[in-house]
Amino acid sequence: MAGAGKPFSYRRARKIPSKLEPRPLRKSRGSYKSRLIDASLKKAARELRENEDIFIRRADKSAVFVLLPKCEYLQKMNMILGDASKFERISRDPTNKLKSKCNGLIDTVKAKAGGIHLFRISGDHGPGYVYGNVKTHKLNYPLRPIISQIPTPTYSLGKTLNNLFSPYTPSTWLLKSPKEFVDLLHRKEPTGLIASLDAESLFTNVPVDETIDYILDEVYRSHHQHVDTPENLLRLLLEVCTKESPFRGPERKMYRQVDGVAMGSPLGVSFTNFYMDLVERRVPSVPHLCPFFYGRYVDDIFVEVRDRKHFQDLRDAFISSSCLNFTLELHDDGSLPFLDVFVKPVDSKFVTSVHVKETNEGRCLNAEGECPPLIKEVSFALMSTEHSPIVLLGPYSIKSFNAYRKS
C-alpha cells in the first residue's frame, strides 16, 4: 500500500527525495569577499546611494557615471516630458486595459486563416519608466531620454512585429556597420568634399502615423510577397505598441508617448530607418542634389559633395522635406571623423584610421580584475579587431592579450 486511500503514483514517487541520492549543491550568496573593493569604497558607495539630493546617471556614449543635483535632473526631465506634442500626462494606470486590448487584437489576427502567428500576452505587467543619460560631450549637459518598455504588455508584441517588418526595411542608403563603411570608401577615389549630417533627436521626432503608412505601403504594395493579415489589423497593432504604452517619470507621474518613438522600444530603430528612407527618397535621389557618396548609420549621415554650396543645399532640402533638424560637420583640412573611423582623402584614395572620441577615456577591463573569465575573453576578442583601439592595464593583461591573438 502506497498510502491510505491513495493509489501508488510514479509521478508522486519521483518527487520524494531519497536519502541515498546526493543533495544538489546550493549557491552561496553574499559570502564572497572582494579583494579590490574594501570597506572605505563600500561606505562611499552607500553614502552616494543614500544621498537624496543627487541623481547618479550613466553618461551618454561614455563608460562613466555622472552625479547630478536632483533639482537639475528633474528640471531637465520635466522639460522633455512637458512637450505636449510628444507626451501626454495620464492620471490612471492603463496597463490592464491595454493588455486586454492587445489580446483582443491578437485573437482577431489569429482567427484569420493564413495570418501571422502571435502569442497572447500573459503574466504580470506594469508601466515602463523613463530616465535620462547625460550628454557630457555637449554644451550644458542635456539628457538623452530613454523609455524602457520591458515591463509593459506591448514589449513582447513589439519585438514580434519588429521581426516581421525587418525584412522589408529599405537598405538603399543604410550602412550596416563601420566595417562596411570603410570597405565602401576603400573601393572609390575621392572626387569632392566630405562632410557629415546628424539628425537631431531622431527617435523623438519620428512622425509615427506617417511612418506607419510608409511601413504598410512597403509591406503590402512594394514587394511581391506580403503578409496575409489584413492591413487594418497590423496598423492597429503598430499604433498600440507606439502610442499607448504607459510609463512613469522620475517623480512617479504617469505618461504616454503620443508621437515619436521611444529609444528603448523594440520598434524604435526600425521606425527611424523607415522614416529616414522615406526622407531620402525625396532628397538625395533628386538629380541636382545627388551626392557622389551617401551613407547613413541610424541618424549619422556621411556625404561626398561637389562643394560647400552643394552641401548646404542638400542640408536645406533635408530640413524642408522632413520634420527634423540636421546639424553639419565640415573640416577645412578635408578630414572627417565618422562613427569610429577617421577619414582623410590622400591623393587618389581614402585613408582611414581609428577615431577615438573625446568621451573615451581609454579605460577597459583589467585582466587581473574580478569579472568572469568569459567577459575578459570577449573584451580581448573585440580589441583584436582591425579598427579597435587597444588599451590594456598591467603586464599580465598584455601577456594574456598577446597569447589570445596568437591562438
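Anyway, here's the lowdown on the structure attached to this text. (Residues numbered from 1 in each chain as written. Predicted model: local features only at pLDDT ≥ 70, side-chain atom pairs only at ≥ 80, totals over all residues. Heavy atoms only, no water.)

**Some remarks on the overall build of the protein chain**
Using the following cut-off: What counts as a helix is a DSSP run of H or I of at least four residues, what counts as a strand is a run of E of at least two, and both are numbered from the N terminus. Accessible area is worked out with a 1.4 Å probe on protein chains only. A residue is then buried under 20% of its type maximum, exposed over 50%, and partly exposed in between. Working rule for contacts: check all heavy atoms of both residues, and any pair within 4.5 Å makes them a contact. Accessible areas in this description were obtained via Shrake-Rupley with a 1.4 Å probe; residue shielding takes into account the shown protein chains only.
A count of helical and extended segments in the protein chain gives 13 helices and 14 strands. Within the span of the protein chain, comprising 407 residues, buried residues form 38% of the whole. A sequence separation of at least 24 residues applies to 65% of the contacts in the protein chain between residues at least 6 apart. On the protein chain, roughly 24600 Å² of surface is accessible, and the fraction owed to carbon and sulfur atoms is 53%.

**Let's talk about a nonpolar patch on the surface**
Just so we agree on the cut-off: Grouping into patches uses exposed residues only, defined as over 30% relative accessible area, and leaves out salt-bridged ones; the cut-off is 9 Å for like charges and 5 Å for nonpolar side chains (Val, Leu, Ile, Met, Phe, Trp, Tyr). The salt bridge definition used is simple: a Lys or Arg side-chain nitrogen within 4 Å of an Asp or Glu carboxyl oxygen.
On the surface, Leu48, Ile56, Phe65 and Leu67 cluster together into a nonpolar patch covering about 360 Å² of accessible area. In this fold, Ile56 is placed in strand S1 (residues 54–58). Given the relative accessible area of 34%, Ile56 is considered partly exposed.

**With respect to the side chain of Lys86**
Selection criterion: In summary, the charge assignment counts Lys and Arg as positive and Asp and Glu as negative, without counting His or the chain termini. Polar contacts, as counted here, are pairs of nitrogen or oxygen atoms within 3.5 Å of one another; within protein the pair requires one atom able to donate a hydrogen and one able to accept it, and residues that are adjacent in sequence qualify only if both atoms are side-chain atoms.
Within the secondary structure, Lys86 sits in the loop between helix H3 (70–81) and strand S3 (87–90). One buried charged residue, Lys86, forms no salt bridge at all, with the nearest opposite charge on Asp259 at 4.2 Å. At 3.5 Å, the side chain of Lys86 forms a polar contact with the backbone oxygen of Thr204. If we skip the residues at most four places from it in the chain, Lys86 touches Thr204, Asn205, Arg256, Gln257, Val258 and Asp259.

**Quick word on the environment of Glu251**
Relative to the assigned elements, Glu251 resides in the loop between strand S7 (246–248) and strand S8 (254–257). Glu251 gets classed as partly exposed once you look at its relative accessible area, which sits at 38%. Considering only alpha carbons, one finds Glu251 and Asn78, 173 residues apart in sequence, at a separation of 9.3 Å. With near-sequence residues (within four places) excluded, Glu251 lies in contact with Leu74 and Asn78. There is a polar contact of 3.3 Å between the side chain of Glu251 and the side chain of Asn78.

**Focus: helix H4 (residues 95–111)**
Quick reminder: α-helices carry 3.6 residues per turn. Residues three or four places apart thus point the same way. Quick note on the threshold: Expected span, for any helix, means 1.5 Å times one less than how many residues it has. The directions considered for the arc are those from the helix axis to the C-beta atoms.
Its 17 residues give H4 an end-to-end C-alpha distance of 24 Å, which sits within 8% of 24 Å, the value for a rise of 1.5 Å per residue. Among all positions in H4, only Thr95, Leu98, Lys99, Cys102, Asn103, Leu105, Ile106 and Val109 are buried. The buried residues of H4 all sit within an arc of 160 degrees when viewed along its axis, so they share a single face. Away from the buried face of H4 by more than 90 degrees, exposed residues Asn96, Lys97, Ser100 and Ala111 are located. On its buried face, H4 sits against helix H5 (155–165), helix H9 (231–243) and S7.

**A word on the sheet that holds strand S10 (residues 300–305)**
Here is the rule we go by: Two strands are said to pair when DSSP picks up at least two bridges between them. Angles here are taken between N-to-C directions and fall from 0 to 180 degrees, while the axes themselves are lines fitted to C-alpha atoms, restricted in helices to the stretch in contact.
The strand order S9-S10-S6-S11 describes an open sheet built from 4 strands, whose pairing is antiparallel. With partners counted over all chains shown, the strands left at the sheet margins are strand S9 (293–297) and strand S11 (326–329), one partner each. Strand-to-strand twist in this sheet, taken as the mean axis angle between neighbours without regard to direction, amounts to 20 degrees. With 4 bridges connecting them, strand S6 (residues 193–199) and S11 associate as antiparallel partners. Within S11, the position partnered with Asp198 by the bridge is Thr327. Lying on the sheet, helix H11 (residues 308–320) is in contact with S6, S9, S10 and S11; it crosses S11 at an angle near 165 degrees.

**A closer look at the packing of aromatic side chains**
What counts, and what does not: Working definition: rings of Phe, Tyr and Trp (its six-membered ring) pair if their centres are within 6.5 Å, and the pair is stacked with planes under 30 degrees apart, edge-to-face with planes over 60 apart, and tilted otherwise. Note on geometry: a ring has a charge over it if NZ (lysine) or CZ (arginine) is within 6 Å of the ring centre and within 35 degrees of the ring normal.
Summed over the entire model, instances satisfying the criterion amount to 13 aromatic pairs. Aromatic pair Phe87 and Phe247: ring centres 6.0 Å apart, planes at 80 degrees, arrangement edge-to-face. Taken together, the residues span a long stretch of sequence, with Phe87 in strand S3 and Phe247 in strand S7 at a distance of 160 residues. Overall, Phe87 belongs to the buried group, its relative accessible area being 7%. Here Phe247 falls in the buried class, since its relative accessible area comes to 1%. Ring geometry for Tyr294 and Phe318: centres 6.2 Å apart, planes at 15 degrees, overall stacked. One end of the pair, Tyr294, is in strand S9; the other, Phe318, is in helix H11, and 24 residues separate them in sequence. Looking at Tyr294, the relative accessible area reads 10%, which means it is buried. Counting every residue linked through ring pairs, the aromatic cluster contains Trp173, Tyr294, Phe318 and Phe326. The ring of Tyr255 is capped by Arg89, whose NZ or CZ atom sits 6.0 Å from the centre of that ring.

**Quick notes on unusual backbone geometry**
At Tyr141, a residue that is not glycine, the phi angle is positive and equals roughly 50 degrees. Positionally, Tyr141 belongs in the loop between strand S4 (128–134) and strand S5 (143–148). Note on Tyr141: relative accessible area 45%, which makes it partly exposed. Even without a glycine there, the phi angle at Leu339 is positive, about 55 degrees. Structurally, Leu339 can be placed in the loop between strand S12 (336–338) and strand S13 (341–346). According to the relative accessible area criterion, Leu339 is buried, its value standing at 15%.

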